[in-house]
Amino acid sequence: MLLVDVDGPLNPYAAKPSRRPEGYGTHRLMTPRWAAAERRRLAAWGLPDRAAKPLRVWLNPAHGPALTALPFDLVWATTWEDEANAFLSPLLGLPPLPYIAWSDPHARQDGGVFWKTPDVVAWARGRPFAWVDDEITDADRTWVQAHHPGPALLHHVDPRIGLTSADFARLTDWASLLAG
């Protein structure tokens, strides 16, 4: 399985706001979760009547075919959850994918472990997986090694750049090693 985060790997949100990375298109999306969060934010700022601003998302349409060409079953591992299928899959040319429903988004973990990591391991249930995310650290790799009995590749992606050909090569090489 390849567990795919959106913001960072597919949407290089940390790139300079005035300069979209090459190969990426700009999309303005108003998902139900984003709209609700924006309404709460505007109300907290005393601006309840101001219109919610859509979320700017940069996507590279080549990533959809590149992901489906990999020797993995794809799974969304993103806070977008089911909204990734409704809003992002069509833009990337991906079919609807299974997704991890987070038990407690942003829950604090001990030792610098990313809040997604325990849910990723629970979801994998011992099966081999690769995971691409911009918040993976050595603390997560150590935690997964101690709590996941199967093979796992936790691959950090730079959120200023997004997935690159080197990332796709790393994923392919890891899958080849597993296949033996």
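The model shown is predicted, which means the values in this text are computed figures rather than measured ones. (Residues numbered from 1 in each chain as written. Predicted model: local features only at pLDDT ≥ 70, side-chain atom pairs only at ≥ 80, totals over all residues. Heavy atoms only, no water.)

Peer 1: Can you help me understand the pairing of strand β5 (residues 129–133) in this one?
Peer 2: If a strand is regular, its side chains alternate between the two faces of the sheet. Across the five residues that make up β5, a large majority, five, are buried. Burial along β5 is two-sided: the face carrying Phe-129, Trp-131 and Asp-133 and the face carrying Ala-130 and Val-132 are both buried. Both strand β1 (residues 2–4) and β5 contribute to a ladder of three bridges, which runs parallel. When the bridges of β5 are listed, Leu-2 appears paired with Ala-130. Pairing between β5 and strand β6 (residues 152–156): five bridges, direction parallel. If you follow Phe-129 over to β6, its bridge partner there is Ala-152. Taken together, β5, helix α5 (residues 138–147) and β6 form a β-α-β motif whose crossover is right-handed. (Buried < 20%, exposed > 50% of the residue type's maximum accessible area, 1.4 Å probe, protein only. Helix = DSSP H or I, 4+ residues; strand = E, 2+ residues; numbered from the N terminus. Pairing = 2+ DSSP bridges. Right-handed = clockwise from strand over helix to strand, strands pointing away.)

Peer 1: Looking at this model, I keep getting lost on the nonpolar core. Mind explaining?
Peer 2: Across soluble globular proteins, you tend to see nonpolar side chains buried next to one another. Core analysis: the largest hydrophobic core is formed by 28 residues, its most contacted members being Leu-2, Leu-67 and Trp-76. Listing elements by their share of this core, those giving two or more residues are β1, β3 (55–59), β4 (74–76), α3 (83–92), β5 and α6 (165–179). Beyond its immediate sequence surroundings of up to four residues, Trp-76 is in contact with Val-4, Val-6, Leu-10, Ala-84, Asn-85, Ser-89, Leu-92, Leu-94, Leu-97, Pro-98, Tyr-99 and Ile-100. If you look at the next biggest cluster of nonpolar residues, it comprises 16 residues, including Ala-77, Phe-114, Trp-115 and Phe-129. (Core = buried A, V, L, I, M, F, W, Y, C linked by side-chain atoms within 4.5 Å. Contact = heavy atoms within 4.5 Å.)

Peer 1: Please explain the pattern of salt bridges as it appears in this structure.
Peer 2: Side-chain pairing between opposite charges can occur once the charged atoms of the two side chains come close. Using the criterion set out here, one finds eight salt bridges in the structure. Here Arg-141 makes a salt bridge to Asp-138, at a shortest N to O gap of 3.0 Å. Here Asp-138 and Arg-141 lie together in helix α5, a separation of three residues that amounts to about one turn. On the basis of relative accessibility, which here comes to 31%, the residue Arg-141 falls in the partly exposed class. Judged by relative accessible area, Asp-138 falls into the exposed class, the value being 57%. A salt bridge links Asp-158 to Arg-160, with the shortest nitrogen-to-oxygen separation between them at 2.6 Å. By relative accessible area, Arg-160 is classed as exposed at 52%. (Salt bridge = Lys/Arg side-chain N within 4 Å of Asp/Glu carboxyl O.)

Peer 1: Explain α6 here, please?
Peer 2: In an α-helix, one turn spans 3.6 residues; hence positions three or four apart end up facing the same way. Taking 1.5 Å as the rise per residue, α6 with 15 residues should run 21 Å; its terminal C-alpha atoms sit 21 Å apart, in good agreement. Three or more residues of α6 are buried, namely Asp-167, Phe-168, Leu-171, Trp-174 and Ala-175. Summarising the axial view, the buried residues of α6 lie within an arc of 125 degrees, below the 170-degree limit, and thus occupy one face. Facing away from the buried surface of α6 by more than 90 degrees, the exposed residues are Ser-165, Ala-166 and Leu-177. Gly-180 lies just past α6 and shows a positive phi near 80 degrees. (Expected span 1.5 Å × (residues − 1). Arc of directions from axis to C-beta.)

Peer 1: It is not clear to me how the side chain of Asp-167 should be interpreted in this structure. Could you clarify?
Peer 2: If you trace the backbone, Asp-167 turns up in helix α6. For the buried residue Asp-167, which engages in no salt bridge, the nearest side chain bearing the opposite charge is Arg-170, 8.3 Å off. A distance of 2.8 Å separates a polar atom in the side chain of Asp-167 from the backbone nitrogen of Thr-164. (Lys, Arg positive; Asp, Glu negative; His and termini not counted. Polar contact = N/O pair within 3.5 Å; in protein donor to acceptor, adjacent residues only side chain to side chain.)

Peer 1: Whenever I open this one, the sheet that holds β6 confuses me. Can you help?
Peer 2: Through backbone hydrogen bonds, the strands of a sheet pair up, either in parallel or in antiparallel fashion. Taken in spatial order, the four strands make up an open sheet running β4-β1-β5-β6, and their pairing is parallel. Edge positions in the open sheet fall to β4 and β6, since each of these has one partner strand only. Each adjacent strand pair in this sheet contributes to an overall mean axis angle of 20 degrees, direction not counted. Set on the sheet, α6 makes contact with β1, β5 and β6; between it and β6 the angle comes to about 175 degrees. (Axes fitted to C-alpha atoms, helices over the stretch in contact; angles between N-to-C directions.)

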